[in-house]
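Listed below, chain by chain, are the residues.
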Amino acid sequence: NAGVTQTPKFRILKIGQSMTLQCTQDMNHNYMYWYRQDPGMGLKLIYYSVGAGITDKGEVPNGYNVSRSTTEDFPLRLELAAPSQTSVYFCASRTRDRGSGANVLTFGAGSRLTVL
Amino acid sequence: EDKVVQSPLSLVVHEGDTVTLNCSYEVTNFRSLLWYKQEKKAPTFLFMLTSSGIEKKSGRLSSILDKKELFSILNITATQTGDSAIYLCAVEEQGGSEKLVFGKGTKLTVNP
């Protein structure tokens with residue numbers, strides 16, 4: 001079971017460069033999320049998607065874009081990289097607990113991005 | 001303002017000690033509270049709590065929720081060096097929001 005797969009694991013960018021973080025899941029989950037984690041700051045939601053063709057902003061969307069053309073894939077794009085975007089990025093997909101109806105997230109391994 | 005507040009932010013103990021991690025929250029329509037453990041990579045799911053007073057237990061870890069006082073605790077007994085990690089608390093609201101709000105986490109270090 002692959003679960004949630006993110007690539008690349010590490011990347012160094014120069015200011016102003018663009019790149020895409022890839023995320024794919026093989027669990028047929030409708031809900032997918034992108035979080036960033038800065039040291040000592042927990043996880044902040046960037047964008048999320050409730051299904052193919054539908055995306056919405058989270059807490060910290062500025063400087064990012066997403067698309068969801070298929071159920072499996074949810075790429076995150078940085079158009080003009082800035083040092084403030086240096087962070088660890090986590091993609092996640094969601095299952096719903098049948099008993100309580102609550103969400104449980106399954107995370108990818110993370111992508112460490114440094115912008116110099 | 002943070003909706004989910006964890007304390008302490010950092011904790012150093014010796015093997016065999018018992019620790020209690022705290023998570024308080026402020027949400028209008030609470031659905032669930034989740035605990036995750038994050039070692040070097042992605043957070044992994046520990047517990048989901050939806051009802052007050054019902055303890056969830058897994059080995060040396062246990063957790064309980066108090067919906068009246070709006071907090072949860074995560075207990076780890078007889079700690080081991082493998083328990084060293086960041087423990088994250090997250091809260092989900094009802095009413096159409098599809099988002100989990102995370103606290104900043106508690107970094108636990110267990111020394112031999």
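Scroll up to find the structure.
Here the structure is a predicted model, which means the values were calculated and not measured.

Trainee: Any details on the interface of chain A and chain B? Residues and values, ideally.
Mentor: Counting residues at the interface gives 24 residues for chain A, matched by 19 residues for chain B. Both sides of the chain A and chain B interface together cover about 1,800 Å² of buried area, and 60% of this is carbon and sulfur. For the chain A face of the interface with chain B, the top three residues by lost area are Leu43(A), Asn103(A) and Phe107(A), together amounting to 24%. On inspection of chain A and its partner chain B, the count reaches zero salt bridges. Counting every contact that joins chain A to chain B gives three residue pairs in polar contact (both at pLDDT 80 or more).

Trainee: An account of the pattern of salt bridges is needed here, citing residue identities and associated values.
Mentor: All names here are of chain A. For the structure on display, the rule yields six salt bridges over all chains. The residue arginine 36 makes a salt bridge to aspartate 38 at a minimum N-O spacing of 3.1 Å. With a closest N to O distance of 3.1 Å, arginine 77 and glutamate 79 form a salt bridge. By relative accessible area, glutamate 79 is classed as partly exposed at 36%.

Trainee: Describe the layout of surface pockets, with residues and values.
Mentor: When its volume is computed, the largest pocket comes out at roughly 600 Å³. Along the walls of the largest pocket sit 28 residues, with Gln37(A), Val88(A), Arg112(A), Gln38(B) and Lys40(B) positioned nearest its centre. When contributions to the lining of the largest pocket are tallied by element, the ones reaching two or more residues are strand 9 (87–96) and strand 11 (111–115) of chain A together with strand 11 (106–111) of chain B. For the lining of the largest pocket, the element with the highest residue contribution is strand 11 of chain A, accounting for four residues. A class-by-class count of the residues in the lining of the largest pocket yields nine nonpolar, 11 polar and eight charged.

Trainee: Talk me through the state of the cysteines; I want residue IDs and the actual numbers.
Mentor: Under the criterion given, the structure shown has two disulfides over all chains. A disulfide bridge connects Cys23(A) with Cys91(A), and the sulfur atoms are separated by 1.8 Å. In this structure, the disulfide formed by Cys23(A) and Cys91(A) twists by about -75° around the S-S bond and is classed as left-handed. Taken together, the residues Cys23(A) in strand 3 (residues 19–25) and Cys91(A) in strand 9 connect sequence positions 68 residues apart. On the accessibility criterion, Cys23(A) (1% relative accessible area) is buried. What makes Cys91(A) buried here is its relative accessible area of 0%. In this model, Cys23(B) is linked to Cys89(B) through a disulfide, with the two sulfur atoms separated by 1.9 Å.

Trainee: So what's going on with the side chain of Asn75(B)? Residues and values would help.
Mentor: All names here are of chain B. Its location among the elements puts asparagine 75 in strand 8 (residues 71–76). At 2.5 Å, the side chain of asparagine 75 and the side chain of threonine 20 are in polar contact. Those residues in contact with asparagine 75, other than ones at most four positions away along the chain, are Val19, Thr20, Arg60, Leu61 and Ser62.

Trainee: Describe the nonpolar core, with residues and values.
Mentor: What tends to happen in soluble globular proteins is that the nonpolar side chains get buried as a cluster. Ranked by size, the top nonpolar core spans 22 residues in total, and within it Tyr25(B), Phe30(B), Leu33(B), Trp35(B), Tyr87(B), Val91(B) and Leu108(B) carry the most contacts. Contributions of two or more residues to this core are made by strand 3 (19–25), strand 4 (30–38), strand 5 (43–49), strand 7 (61–66), strand 8, strand 9 (85–93) and strand 11 of chain B. Once residues within four sequence positions are removed from consideration, Leu108(B) is found in contact with Leu11(B), Val13(B), Val19(B), Ile76(B), Asp83(B), Ser84(B), Ala85(B) and Tyr87(B). The next biggest cluster of nonpolar side chains, apart from the first, holds 20 residues, and it includes Tyr35(A), Leu45(A), Phe107(A) and Leu100(B).

The rules we used
- Residues numbered from 1 in each chain as written.
- Chains lettered and ligands numbered in written order.
- Predicted model: local features only at pLDDT ≥ 70, side-chain atom pairs only at ≥ 80, totals over all residues.
- Heavy atoms only, no water.
- Contact = heavy atoms within 4.5 Å.
- Buried area = accessible area lost by both parts, 1.4 Å probe.
- Salt bridge = Lys/Arg side-chain N within 4 Å of Asp/Glu carboxyl O.
- Polar contact = N/O pair within 3.5 Å; in protein donor to acceptor, adjacent residues only side chain to side chain.
- Buried < 20%, exposed > 50% of the residue type's maximum accessible area, 1.4 Å probe, protein only.
- 1 Å grid on protein atoms, 1.4 Å probe; cavity = no way out; pocket = protein on both sides within 12 Å on 5 of 7 lines; lining within 4 Å.
- Points joined across faces, edges and corners; volume = space filled by probe spheres on them.
- Helix = DSSP H or I, 4+ residues; strand = E, 2+ residues; numbered from the N terminus.
- Nonpolar A, V, L, I, M, F, W, Y, C, P; charged D, E, K, R; others polar.
- Disulfide = S-S within 2.5 Å.
- Core = buried A, V, L, I, M, F, W, Y, C linked by side-chain atoms within 4.5 Å.

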